[in-house]
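Architecture and fold: a report
The lines below spell out each chain.
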Amino acid sequence: AAGVIQSPRHLIKEKRETATLKCYPIPRHDTVYWYQQGPGQDPQFLISFYEKMQSDKGSIPDRFSAQQFSDYHSELNMSSLELGDSALYFCASSPIGQATEAFFGQGTRLTVV
Amino acid sequence: GENVEQHPSTLSVQEGDSAVIKCTYSDSASNYFPWYKQELGKRPQLIIDIRSNVGEKKDQRIAVTLNKTAKHFSLHITETQPEDSAVYFCAASASGSARQLTFGSGTQLTVLP
């Protein structure tokens, strides 16, 4: 069965650089969520999109932005990267009209050096 | 906003024994409570969830109980197996769905053979 696809799986950036993380939800899923998980930490909700519109906003820094495109894939754009941005970034998706379960992708491990 | 506390942070049990993980939440409007299992470096995977109109739910060796009055919910794993070893996260949402989940801090469960 198709799962949530995230790319890249690993990313190394220097401080003050920018990064773009991509998420391809499961087919027929219209809701996408982004979570940030620091080492040994619980996932922190960043932002979500439903039908290409931002639906909920969590602890997403102003340096980050995200959007969902017409094909439902989503991108998380991160600028002016800081060492503290190093984390696992998970994307999750939910089925159309049924956000009762969030299926997580494998995550993108971002390392800022 | 919602605050979810989870205990214990680490739990070791002998194979075959039961394991119980407890969570409390602060927002009385929360009405959806999923539990995720996360193996090291991998994605969180939903193992069971419960809604506020139900007091208990069971799926084979896994059960979840919810006490709305006390604002706490618990995960029970019976007949534990070594493959149950992982980090378990509880979460809560006031949306009735997986939207904007607030996670607990996680419990590292180790099942000793």
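So, here's what we can say about the structure.

Conventions used here
Residues numbered from 1 in each chain as written. Chains lettered and ligands numbered in written order. Predicted model: local features only at pLDDT ≥ 70, side-chain atom pairs only at ≥ 80, totals over all residues. Heavy atoms only, no water. Contact = heavy atoms within 4.5 Å. Buried area = accessible area lost by both parts, 1.4 Å probe. Salt bridge = Lys/Arg side-chain N within 4 Å of Asp/Glu carboxyl O. Polar contact = N/O pair within 3.5 Å; in protein donor to acceptor, adjacent residues only side chain to side chain. Helix = DSSP H or I, 4+ residues; strand = E, 2+ residues; numbered from the N terminus. Nonpolar A, V, L, I, M, F, W, Y, C, P; charged D, E, K, R; others polar. Disulfide = S-S within 2.5 Å. Buried < 20%, exposed > 50% of the residue type's maximum accessible area, 1.4 Å probe, protein only. Pairing = 2+ DSSP bridges.

Some points on the interface of chain A and chain B
Chain A puts 21 residues into the contact, and the matching count from chain B is 19 residues. Carbon and sulfur atoms make up 51% of the surface buried where chain A meets chain B, a total of about 1700 Å² over both sides. For the pair chain A and chain B, the number of links is 0 salt bridges. Summed over the shared surface of chain A and chain B, the result is 4 residue pairs in polar contact (both at pLDDT 80 or more). Going through the elements one at a time, β4 (29-37), β6 (53-57) and β9 (87-95) of chain A are the ones with two or more residues in the side of chain A that touches chain B. For the side of chain A that touches chain B, the residue count by class is 9 nonpolar, 7 polar and 5 charged.

Considering the state of the cysteines
Residues and elements named next belong to chain A. If you walk through the whole model with that rule in mind, you get 2 disulfides over all chains. At a sulfur-sulfur separation of 1.7 Å, the disulfide partner of C23 is C91. The chirality of the disulfide connecting C23 with C91 is left-handed, given an S-S dihedral of about -55°. One end of the pair, C23, is in strand β3 (residues 19-24); the other, C91, is in strand β9, and 68 residues separate them in sequence.

With respect to the pairing of strand β8 (residues 74-78) of chain A
Residues and elements named next belong to chain A. Most of β8 is tucked away, with 4 of its 5 residues classed as buried. The pairing of strand β7 (residues 64-68) with β8 spans 5 bridges and is antiparallel. Paired with Q68 across the strands is S74, a residue of β8. Joining the antiparallel neighbours β7 and β8 is a turn of 5 residues, in which Y72 adopts a positive phi near 75°.

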